[in-house]
Amino acid sequence: MDQGDAATMEATTATVEDRVWDGDTVLDVQGLVKHFPVRSGVLQRVSAWVKAVDGVSFTIKKGETFGLVGESGCGKTTVGRTILRLIEPTAGNVYFEDEDVFAQSRKDMKRLRRDMQLIFQDPFSSLDPRMPIGESISEGLTVHGIKGEEADTTIRRVLKEVGLHPEHSRRYPHEFSGGQRQRIGIARALALRPKLIVCDEPVSALDVSIQSQVLNLLNDLQNEHGLTYLFIAHNLSVVEHISSRVGVMYLGKMVELTDRDSLFANPLHPYTKALISAVPVPNPNLKRERIILQGDVPSPLNPPPGCSFHPRCPIAEAICSEVDPVWRNVGTVDVEHWVACHLVDDDAGSGHSKT
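Residues numbered from 1 in each chain as written. Predicted model: local features only at pLDDT ≥ 70, side-chain atom pairs only at ≥ 80, totals over all residues. Heavy atoms only, no water.

For this particular structure, what's the right way to read the pattern of salt bridges?
When charged atoms on two side chains of opposite charge get close, those side chains can pair. In this structure the tally under the stated criterion is 13 salt bridges. Between glutamate 201 and lysine 76 there is a salt bridge whose closest N-O contact spans 3.8 Å. Of this pair, glutamate 201 sits in the loop between strand 7 (196–200) and helix 7 (208–225) while lysine 76 sits in helix 2 (residues 76–83), placing them 125 residues apart in sequence. You'll find glutamate 201 and lysine 76 in the same group, each marked buried. Because the salt bridges share partners, they merge into one network encompassing Arg157, Glu161 and Arg193. (Salt bridge = Lys/Arg side-chain N within 4 Å of Asp/Glu carboxyl O. Helix = DSSP H or I, 4+ residues; strand = E, 2+ residues; numbered from the N terminus. Buried < 20%, exposed > 50% of the residue type's maximum accessible area, 1.4 Å probe, protein only.)

Before we go on, may I ask you to explain the environment of valine 158 in this structure?
Summarising the element assignment, valine 158 is placed in helix 5 (residues 148–161). Spatially, the C-alpha atoms of valine 158 and leucine 192 are 9.7 Å apart, while their sequence positions differ by 34 residues. Excluding its chain neighbours within four sequence positions, the residues that come into contact with valine 158 are Ile137, Ala187, Leu190 and Ala191. (Contact = heavy atoms within 4.5 Å.)

What am I meant to see in the environment of threonine 25 here?
Inspection of the secondary structure puts threonine 25 in strand 1 (residues 25–40). In this structure the C-alpha to C-alpha distance between threonine 25 and lysine 147, which are 122 residues apart in sequence, comes to 32 Å. Beyond its immediate stretch of four places on either side in the chain, threonine 25 contacts Thr59, Ile60, Lys61 and Glu97. At a separation of 3.1 Å, a polar atom in the side chain of threonine 25 contacts the side chain of lysine 61. (Polar contact = N/O pair within 3.5 Å; in protein donor to acceptor, adjacent residues only side chain to side chain.)

Where do I start with the sheet that holds strand 9 (residues 245–250) in this structure?
Strand pairing in a sheet relies on backbone hydrogen bonds. The paired strands run either parallel or antiparallel. Read from one edge to the other, the open sheet built from eight strands follows the order 6-7-8-3-9-10-12-11, with strand pairing classed as mixed. A single partner strand is all that each edge strand has here, and the edge strands are strand 6 (116–119) and strand 11 (328–329). Across four bridges, strand 3 (residues 65–69) lies against strand 9 in parallel orientation. The partner of valine 69 across the bridge, within strand 9, is valine 248. Its contacts with the sheet place helix 7 against strand 3, strand 6 and strand 8 (228–233), and it is angled at close to 160° to strand 8. (Pairing = 2+ DSSP bridges. Axes fitted to C-alpha atoms, helices over the stretch in contact; angles between N-to-C directions.)

Would you take a moment to explain the packing of aromatic side chains for this structure?
The description of two aromatic rings rests on the distance between their centres and on the angle between their planes. According to the stated counting rule, one finds five aromatic pairs in the structure shown. With a centroid separation of 4.7 Å and an interplanar angle of 5°, the aromatic rings of phenylalanine 58 and phenylalanine 66 are classed as stacked. We classify phenylalanine 58 as buried; its relative accessible area is 4%. Classification of phenylalanine 66 as buried rests on a relative accessible area of 0%. (Phe/Tyr/Trp six-rings, centres within 6.5 Å; stacked < 30°, edge-to-face > 60°.)

What should I look at first to understand helix 6 (residues 178–190) in this one?
An α-helical segment advances 3.6 residues per turn. Residues three or four places apart therefore align on the same side. End to end, helix 6 covers 18 Å across 13 residues, agreeing with the expected 18 Å (1.5 Å per residue, within 8%). For helix 6, the tally of buried residues reaches 11 of 13 residues, placing the bulk of the element in the interior. Within helix 6, the full set of buried residues consists of Gly179, Arg181, Gln182, Arg183, Ile184, Gly185, Ile186, Ala187, Arg188, Ala189 and Leu190. Its buried side turned inward, helix 6 meets strand 6, helix 4 (133–143), helix 5, strand 7 and helix 7. (Expected span 1.5 Å × (residues − 1).)

Looking at this model, I keep getting lost on the sheet that holds strand 4 (residues 91–96). Mind explaining?
Pairing in this open sheet of four strands is antiparallel, and the strands run 2-1-4-5 from one edge to the other. Every other strand in the sheet has two partners, leaving strand 2 (45–61) and strand 5 (99–100) as the edge strands with one partner each. Along the sheet, helix 2 contacts strand 1, strand 2 and strand 4; its crossing angle with strand 1, the most-contacted strand, is approximately 110°.

It is not clear to me how unusual backbone geometry should be interpreted in this structure. Could you clarify?
Backbone phi values are negative for most residues with the exception of glycine, while trans is the configuration of most peptide bonds. One non-glycine residue, glutamate 201, lies in the positive phi region at around 45°. Looking at glutamate 201, the relative accessible area reads 7%, which means it is buried. A positive phi angle is found at leucine 251, which is not glycine, with a value near 50°. Note that leucine 251 resides in the loop between strand 9 and strand 10 (253–259).

Any chance you could explain the packing of helix 4 against helix 5 here in plain terms?
For any two helices packed against each other, the geometry comes down to the angle between their axes and how far apart the axes lie. At a minimum axis distance of 10 Å, the contact between helix 4 and helix 5 shows a crossing angle of 115°. Helix 4 and helix 5 meet at a crossing whose hand is right-handed. Residues Ile133, Gly134, Ile137, Ser138 and Leu141 of helix 4 form the contact with helix 5, whose own contacting residues are Ala151, Thr154, Ile155, Val158 and Leu159. Split by residue class, the contact of helix 4 with helix 5 holds seven nonpolar, three polar and no charged. (Left-handed = near helix turned anticlockwise from the far one by under 90°. Nonpolar A, V, L, I, M, F, W, Y, C, P; charged D, E, K, R; others polar.)

Help me understand the pairing of strand 4, please; the structure alone is not making it clear to me.
Residues in a regular strand point their side chains to alternate faces of the sheet. Counting buried residues along strand 4, six of its six residues qualify, which places the element largely inside the surrounding structure. Across the two faces of strand 4 the burial is the same, with Ala91, Asn93 and Tyr95 and Gly92, Val94 and Phe96 all buried. As judged from the five bridges shared by strand 1 and strand 4, these two strands associate in the antiparallel manner. Looking at strand 4, one finds that valine 29 is bridged to valine 94. Across two bridges, strand 4 lies against strand 5 in antiparallel orientation. What sits directly across from phenylalanine 96, in strand 5, is glutamate 99. With antiparallel pairing between neighbouring strands as the criterion, strand 4 and strand 5 make up a hairpin whose turn holds two residues, including glutamate 97 at a positive phi of roughly 55°.

Which parts of the structure should I look at to understand the side chain of glutamate 161?
Secondary-structure assignment places glutamate 161 in helix 5. Reaching out from glutamate 161, the side chain makes a polar contact with the side chain of arginine 193 at a distance of 2.8 Å. Aside from chain neighbours lying at most four places away, what touches glutamate 161 is Leu190, Arg193, Leu217, Leu221, Glu224 and His225.

What follows is the structure, given as structure tokens:
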């Protein structure tokens, strides 16, 4: 771990001591960092670090859907998998309700994962092609000691909840369409009655017409069971439809975070504005200025100094390439609006901004 990682770990440890759970927060992510080592040479020594996630913080309340968006490679999937400890973190803290996820033993983590489930992006590769879907759904139940008639009843129940027939449990994944396979993935995540579900781009591999069906299903299940979602996506149209709050990531860092309506009505960060300008508008009379970003996303192996977005930013100034912007709340008393940009005024959340 380099000096930057050590400083991050020290800062997040200091925050942990003062933390008090409010009873309404399901997930609390504080300064999450994940750096992957790059090894080279005969001895495979670490020669560099890929900074996939670099100090991400947010909270999710009970029953809400938090959308996490950004271009491919920005680190959003790594955030989701690190929260579940499918990937071990480099630094930071994650709390599920009042429990420190990263402090759990293997046995305690198994217990905790019953309440924290994952829907994978690719509904085909996430299912074993040699296993009937009923057996795929029952794997999690077996791990947690649910077998026999109780397991069979649960499988029939969740298949009906996602719009499939109980007799489908004897079929294999190749016998279903893409949308049906994603419903099976949702049923598998739902089987243990979790409190939090991490949805890792669950509709990106589906046709547009099927996407809306799956999104409506997720909404219905949330209302019925009081579920909380971390919804990871790169499609802002999808995020606008399902999310109550949205965080925007760029090159491993959060650049903007607020509620859905504020983000789409008053985006502050230049990167967010560029993303929203690319969303198709169904009304032909409503014209939106298209912002086309120049260049490619920098490598997380060697991110640029200062603001990581400055090489592509259309309004960047000298300070942007020299000083890392502060993550600050520029919103109102009623609506928080967090942003990391030198060119955003302190009252920009009220509708005033230099950008």
